[in-house]
Structures are given as structure tokens and as C-alpha cells.
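What follows is each chain in one-letter form.
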Amino acid sequence: KKGKTTRKLPMNCLDRHVHTFPDRVALIWERDEPGTEVKVTYRQLLEATCRLGNLLRRHGVNRGDCVTIYMPPCPAAVVSMLACARIGAAHSVVFAGFSAEALADRIRDAQSRIVITVNQGVRGGKVTELKQTVDLAIQSCPSVQKVFVAMRTESPVVMTARDIAMEEMQTEDVVCEPAAMDSEDVLFLLYTSGSTGKPKGLVHTQAGYLLYASLTHRCVFNYHDEDVFGCVADIGWITGHSYSVYGPLANGGTTVLFESTPIYPDPGRYWEMVQRLKINQFYGAPTAIRLLLKYGDHWVHKYDRSTLKTLGSVGEPINTEAWEWYHRVVGDGRCPVVDTWWQTETGGICIAPRPSAPNAEIVPGMAMRPFFGIRPVLMDSEVLCMSLGLCVSQPWPGMARTIHNNHQRFIETYCQPYPGYFFTGDGAYRSKEGYYQIIGRLDDVINVSGHRIGTAELEDVLNQSPMVAESAVIGYSHEVKGQGKQETFNVATQSRQYTMAKICGVKFQIMVTILTFLCYKSAISQCVQRLPKTRSGKIMRRVLRKVVERDLDGLGDLSTLDNPAAVQEVIQGHRDLF
Ligand code: PRX
């Protein structure tokens, strides 16, 4: 159904704030080198957005177009997103760590005529040739007519007749009439991280998405006027869209764009940044928290974190050890930790504690309660299924409306597993108090002799060992027990030999903890330096499963893999085990 005509979206994020507080800082660009941050006020952000909007219009970009943005977190990227929104074009931000092949797949699927990029990216002290990657990608993208290039570094790049320097926007007018859009018109496409199968271009729309992103931002993080919000996710993911850009800007907030890594130049980076920028809400991922925990508390204690009020976690289940450390060490035991469950598909946070609510209880490692308007339902999918399929029983404003050019796939994936419900693909428990704990993807389960168990639970126990930095548990086919034996991959913090010795102890601990469900005699453990992960930090269990099943030809799409050497290490290590 078509909705009502909405207010023009960039006006919600920019114009009305410029009217009331033009000189408030909208963006703090935390560049790779600590201490070199750049601040952009609401007035400057509006002017830049209008200029680029005019430039894009002059080059024929209009309502109904989809512009691909291949840029790291930086003001030019936010300006690009908002300029598209202003002139009614959809954007598709592609994570700037993706390969030319992955970028090309997404450009072709979105049929973009325009790509916006930067000459080079800078992250963790390393320079990446982003413009060159675009050049390579568009060789197989006949739809692309123009490439806009912003300059992140001084280093010149080869420009062809097709390329336009973003610098040209400086001569454009600072007034750009926003397009009037229907509330159900497309705001952006975002391709899911692709830890399973071919990426899907999820479609988010104007009014519902913005309402949901801004309301959740305000309520879940207890965001107040003039707070500094520090979401360290890349803008290439939904977390960056909703909580680095749209949510905070709709709320007139000051938001941090983080260009670096948690350990550059050292493992104190996050907390040094918190001290320097006086961050009030910090929002990060369990994978980084687990990594930093292993480096020790002194990296945290070195810096003043007294401005922090709320700590957020997103992306995967946060294990108890990491939750406790985040709360006790980073937050000095005084900042509520909000474990926020949601997905690219949901547009914003769906299950999370709301510390500002009266009598808000928070149980470590639990996402706690549904947000306003979210009606979770747990579906019993199979007999003896320990965790239940998490569905939502009614629509909410921020939900994705479809998959770009493939509505049938949207219906099949989300609506057909449980007719009448939106199926999230995740498993969850609900306590007798009505609190939710997310177990992880239902496709990441182990099934031993008919018993199903979420891999995350086993990993949780393994990770409690001081010798294990991270672990991945998978099941694989076994003729007697079905998808039977489990295999664990551990990233050792110490030498291989020492870790192997510790793992025996860990196994014993799991046996005691989840005694009845798994047959540990058949468990196989392998230690590795690093786990194969997608560029968004998700462990690629699908790949591990193929290695263990000796199906190296069936490894599938590895375009989202962050570090190919990690897969080689697992393959080699697995050969050595047998
Ligand atoms: O399995 C859930 C996990 O991440 C998936 C969504 O991934 P993506 O679309 O890339 O979005 C990530 C950022 C919202 C979910 O299906 N996930 C996300 N948050 C949590 C989580 N699992 C457990 N606890 C969470 N807080």
C-alpha cells in the first residue's frame, strides 16, 4: 500500500537543525591517525549536501536512480548519502573493503549509472587503492556512465573522460530544492553481508526507516541533546546507516565516523578516542570486545572514560565473559550494556534493553525486551529443538520492504517458513520473565543424534578459557549421527602447543556445562592463528564446514572473505590432523 507523502527526508536530518542550531557539530570524522579528527557542523553538512545534490542533478541523476557509494566512513560519504536522498535517488553503499568482484556484483544488481568513490582509503596505517578497485569493477558493469571521485589523500589518480572530481561541487549553489517523496519510496538498498549465499539487496523506504532509526537511537541508547554518539561500525553496514548516519542526524545529534581499527595504533585506540572526543554512548561489536579483552585491562585503564553513559553491542551474541568485561572494565560497572539484536532486514534495533525505562533490569548476555511495536514469536520448528525460530508477528516501520528486483526471494526467505510471520533466521530463548536471549543463526546449529544446539552456546563456553581468543564451532555430516560430530576452531592467544593442552581442559568444562546434549568423544579441535571471517567480522562457518567435509571445490562465494590466508591455514591444519 502506498503511504502518505512525507516530509522531505534530508530536511529531517539537516534543514530543521540548521534552523535551530546551525553551528552544532553534526559529524566528527575520527581519521585513521589519532588526534587528527575533523568536525563538520550542521550548516556545513547542509551546504555540502546541497552542492553535491546540484552536481548530481546536473549530471542527470534523478528520482528512481540508484547510486553506488564505495567509500570508507568520512564526511564525503555521508554527504553522498544525503545528497542522493535530497534529490530522490536511492543509494547503495558498498563496504569499501570489498573486492572489485563483489563491488561489481552489487553495481550490476542495482543497475547503477553512477558510482561515487575516493582516490584511496586509509585504515590501520594501510592505504588501499579504492579508485583502482572501482575501475576494475566497472569493466564488467555496462550500466556505469560516471564515477565521482573525492580525494581522501594527496595521491593523484588516473582520471578518464568518465570520471568527475567531486571537487567540482564547490562551484555549485548551496541551495538545492529537495525532491518530495512518498513515504513508501525507496531510500536505499543495502546488500546483506553474505555469510550465506548470494547477497540480497534489501530495500528500505523513506518514512518508516527514518522514524524507526531515530526512535531506537534515542530510546535504546538514552541519547540526549548534545551527547556525542560513537558508533564504530563502518557505514557500509546497516549499523553505520542507522546509528552513524540516519538515527543520530534525525535526532540532531553529534555522531562519530570511525575510519580506523580497534588496535591501531595500539589496543587502547577506542578508549583514547572516548577520552579525546568525550564520547557519551559507545556502540561496538562483540568480536572487537573479545579481541581487546585478551590484550588486558591496562589498555582501558590508561584513559578517562568518565563521559561514557551507555555501552552498546551488536552483530552477534555477546558471550558472558565479554559482556562482563565490557561492563566492569570499560564501563567501570556504572554504564548499562545494551545488547541490541537486529538485522539489515529490520532497519533498526528490535530487541534490546532500554536502560531509561523504569525498573529496567539487564541480564548479562541477554537482548532482553522487544522495542515498541515489535511482537516477537518463538516458533517450534522441530521436535527437540532447543532454541526456537525467532519470528515477528506484525510489521514495524523500519522493516525492509523487499529484495531489489527479487520480491519472490523476499517472500520465500522471510514469509514462507512460517506463513503470516516474518522469519528472522535466528534462534532465541525466552525466559519466564519474558526476556529474550538470541542464540544465533539457525543455520549455525549442530545436530547430534536428533539434538540441536546453537554453536554460539558452545563457543561461549570455549571463549571463557583465557587461552582461547575466539572460537568457531560447526557440525558436519557423519553417517551414523547425521550432522553429528562437532569441530571446534580456536584462535590461540598463546603458542599452539600450550593452547592444545588447554583445550582438553576446555572440553571438560563444556561437558560439565551442557552435559546431556553432545557426544564429546567425537569432537575434533583445531587451533588457528585467525578465523575466516567476512569483512563485517562474521565467522564464515559455511567455509569451515566445507573444509571439514573435504569439499574444497564447494567453498562457494568467497568474495566477502576478509583474509584468504585464514582459509588456507584451516585447510592445512585440517590435513595435518588426519
Ligand atoms: O544472527 C543475528 C546477528 O546478526 C544477524 C544480522 O546481521 P546483519 O544483517 O549483518 O546486521 C548486523 C547488525 C544489526 C542477525 O540475524 N546479530 C545481530 N545482533 C545480534 C545478533 N546475534 C545475537 N545478538 C545480537 N545482539
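Quick caveat, the model's predicted, so the values are computed rather than measured.

Chemist: Help me out: how do you make sense of the overall build of the protein chain in this one?
Modeler: Within the protein chain one finds 16 helices and 26 strands. Put simply, the protein chain has 578 residues, and 60% of those count as buried. The long-range fraction of contacts in the protein chain, counting pairs at least 24 apart against all pairs at least 6 apart in sequence, stands at 72%. Element-wise, carbon and sulfur atoms account for 52% of the exposed surface of the protein chain, whose accessible area totals about 22,600 Å².

Chemist: Before we go on, may I ask you to explain the site of the ligand in this structure?
Modeler: In the vicinity of the ligand there are 17 residues, among which Asp339, Thr340, Gln343, Thr344 and Asp426 approach most closely. Taking threonine 344, its side chain carries an N or O atom lying 2.5 Å from an oxygen atom of the ligand. The fraction of the free accessible surface of the ligand (540 Å²) that becomes covered by protein chains is 92%. Those elements that place two or more of their residues in the shell around the ligand are helix H7 (238-250) and strand S21 (436-441). When its residues are assigned to classes, the shell around the ligand shows six nonpolar, six polar and five charged.

Chemist: Would you explain the sheet that holds S21 in this entry?
Modeler: By way of backbone hydrogen bonds, the strands of a sheet pair with one another, either parallel or antiparallel. Pairing is antiparallel in the open sheet, where four strands are placed in the order S17-S18-S20-S21. Two strands bound the open sheet, and with one partner strand each, they are strand S17 (376-379) and S21. Adjacent strand axes in the sheet meet at a mean angle of 45°, parallel and antiparallel pairs treated alike. Pairing analysis gives four bridges linking S17 to strand S18 (residues 388-392), with the strands arranged antiparallel.

Chemist: So what exactly am I meant to see when it comes to the packing of helix H6 (residues 206-220) against H7 here?
Modeler: When two helices pack together, you describe them by how their axes are tilted relative to each other and by the distance separating the axes. With their axes 8 Å apart at the nearest point, H6 and H7 run at an angle of 85° to one another. Taken together, the axes of H6 and H7 are roughly perpendicular relative to one another. Contact residues: Tyr209, Leu210, Ala213, Ser214, Thr216 and His217 in H6; Ile238, His241, Ser242, Tyr243, Tyr246, Gly247, Pro248 and Ala250 in H7. Residues belonging to the contact of H6 with H7 are distributed by class as follows: eight nonpolar, six polar and no charged.

Chemist: Is there a simple way to explain the sheet that holds strand S10 (residues 186-191) in this structure?
Modeler: Strand order in this open sheet of eight strands is S9-S8-S5-S3-S4-S10-S11-S19, and the pairing throughout is mixed. Every interior strand has two partners, whereas the edge strands, strand S9 (163-165) and strand S19 (402-403), have only one. As judged from the two bridges shared by strand S11 (residues 201-205) and S19, these two strands associate in the antiparallel manner. Counterpart to leucine 202 in the pairing with S19 is isoleucine 403. Across the sheet, helix H5 (residues 130-138) lies against strand S3 (66-70), strand S5 (114-118), strand S8 (146-150) and S9, angled at about 155° from S5, the strand it touches most.

Chemist: Help me understand helix H4 (residues 100-110) in this model?
Modeler: Given 3.6 residues to a turn, an α-helix orients residues that are three or four positions apart in the same direction. Among all positions of H4, only Ala100, Ala102, Leu103, Ala104, Arg106, Ile107 and Ala110 are buried. Next to the buried residues of H4 lie S3, S5, H5 and S10. Directly after H4, the chain includes glutamine 111, whose backbone phi takes a positive value near 55°.

Chemist: Mind showing me how you'd approach the pattern of salt bridges here?
Modeler: Note that side chains of opposite charge can pair when their charged atoms are close. Evaluated as defined, the whole model comprises 25 salt bridges. Notably, a salt bridge pairs arginine 152 with glutamate 259, separated by 2.7 Å at the nearest N-O pair. Taken together, the residues arginine 152 in the loop between S8 and S9 and glutamate 259 in the loop between strand S13 (254-258) and helix H8 (269-277) connect sequence positions 107 residues apart. We classify arginine 152 as buried; its relative accessible area is 16%. By relative accessible area, which is 2% here, glutamate 259 ends up buried. Taking the shortest distance from any N to any O, the salt bridge between arginine 162 and aspartate 163 comes out at 3.2 Å. The class of arginine 162 is partly exposed, set by a relative accessible area of 25%. Assessed through its relative accessible area of 9%, aspartate 163 is described here as buried. A single network of salt bridges, built from pairs that share partners, joins Glu30, Glu37, Arg269, Glu272 and Arg276.

Chemist: I'm lost on the packing of helix H9 (residues 286-295) against helix H11 (residues 320-330) in this one. Help?
Modeler: Taken N-terminus to C-terminus, the directions of H9 and H11 make an angle of 70°; their axes are 10 Å apart at the nearest point. Considering their axes alone, H9 and H11 lie roughly perpendicular with respect to each other. On the side of H9, the interface is formed by Ile289, Arg290, Leu292, Leu293 and Lys294, while H11 contributes Glu321, Ala322, Trp325 and Tyr326. Taken together, the residues of the contact of H9 with H11 sort by class into six nonpolar, no polar and three charged.

Chemist: Explanation requested: a nonpolar patch on the surface in the structure shown.
Modeler: Together, Ile263, Leu291 and Tyr295 give the surface a local cluster of nonpolar side chains, amounting to about 240 Å² of exposed area. Along the chain, tyrosine 295 turns up in helix H9. By relative accessible area, tyrosine 295 is classed as partly exposed at 38%.

Chemist: Would you explain the nonpolar core in this entry?
Modeler: In globular proteins that are soluble, nonpolar side chains generally tend to be buried together. Counting residues in hydrophobic clusters, the biggest one holds 109 residues, and the most contacted among them are Leu45, Leu56, Tyr246, Leu249 and Tyr283. Broken down by element, this core gets its largest block of residues, nine residues, from helix H3 (residues 75-87). Ranked by size, the runner-up nonpolar core spans 29 residues in total, among them Phe258, Val274, Val300 and Leu308.

Chemist: Sorry, what's going on with unusual backbone geometry here?
Modeler: What is expected of a backbone is that most residues other than glycine have negative phi and most peptide bonds are trans. With omega at -5°, the peptide bond leading from tyrosine 264 into proline 265 counts as cis. Tracing the backbone through its elements, the reader meets proline 265 in the loop between S13 and H8. The phi dihedral of aspartate 332 is positive, around 50°, even though this residue is not glycine. You can see aspartate 332 is positioned in the loop between H11 and strand S16 (337-339).

Chemist: How should the side chain of asparagine 54 be read in this particular structure?
Modeler: Along the chain, asparagine 54 turns up in helix H2 (residues 42-58). What makes asparagine 54 buried here is its relative accessible area of 15%. Other than its neighbours up to four places away in sequence, asparagine 54 contacts Glu172, Asp173, Val175 and Cys176.

Cut-off values and rules
Residues numbered from 1 in each chain as written. Predicted model: local features only at pLDDT ≥ 70, side-chain atom pairs only at ≥ 80, totals over all residues. Heavy atoms only, no water. Helix = DSSP H or I, 4+ residues; strand = E, 2+ residues; numbered from the N terminus. Buried < 20%, exposed > 50% of the residue type's maximum accessible area, 1.4 Å probe, protein only. Contact = heavy atoms within 4.5 Å. Areas by Shrake-Rupley, 256 points an atom, 1.4 Å probe, with all protein chains shown as cover. Near = heavy atom within 4 Å. Polar contact = N/O pair within 3.5 Å; in protein donor to acceptor, adjacent residues only side chain to side chain. Nonpolar A, V, L, I, M, F, W, Y, C, P; charged D, E, K, R; others polar. Pairing = 2+ DSSP bridges. Axes fitted to C-alpha atoms, helices over the stretch in contact; angles between N-to-C directions. Parallel < 35°, antiparallel > 145°, perpendicular 65-115°, else oblique. Salt bridge = Lys/Arg side-chain N within 4 Å of Asp/Glu carboxyl O. Patch = residues over 30% accessible without salt bridge, like charges linked within 9 Å, V, L, I, M, F, W, Y side chains within 5 Å. Core = buried A, V, L, I, M, F, W, Y, C linked by side-chain atoms within 4.5 Å.

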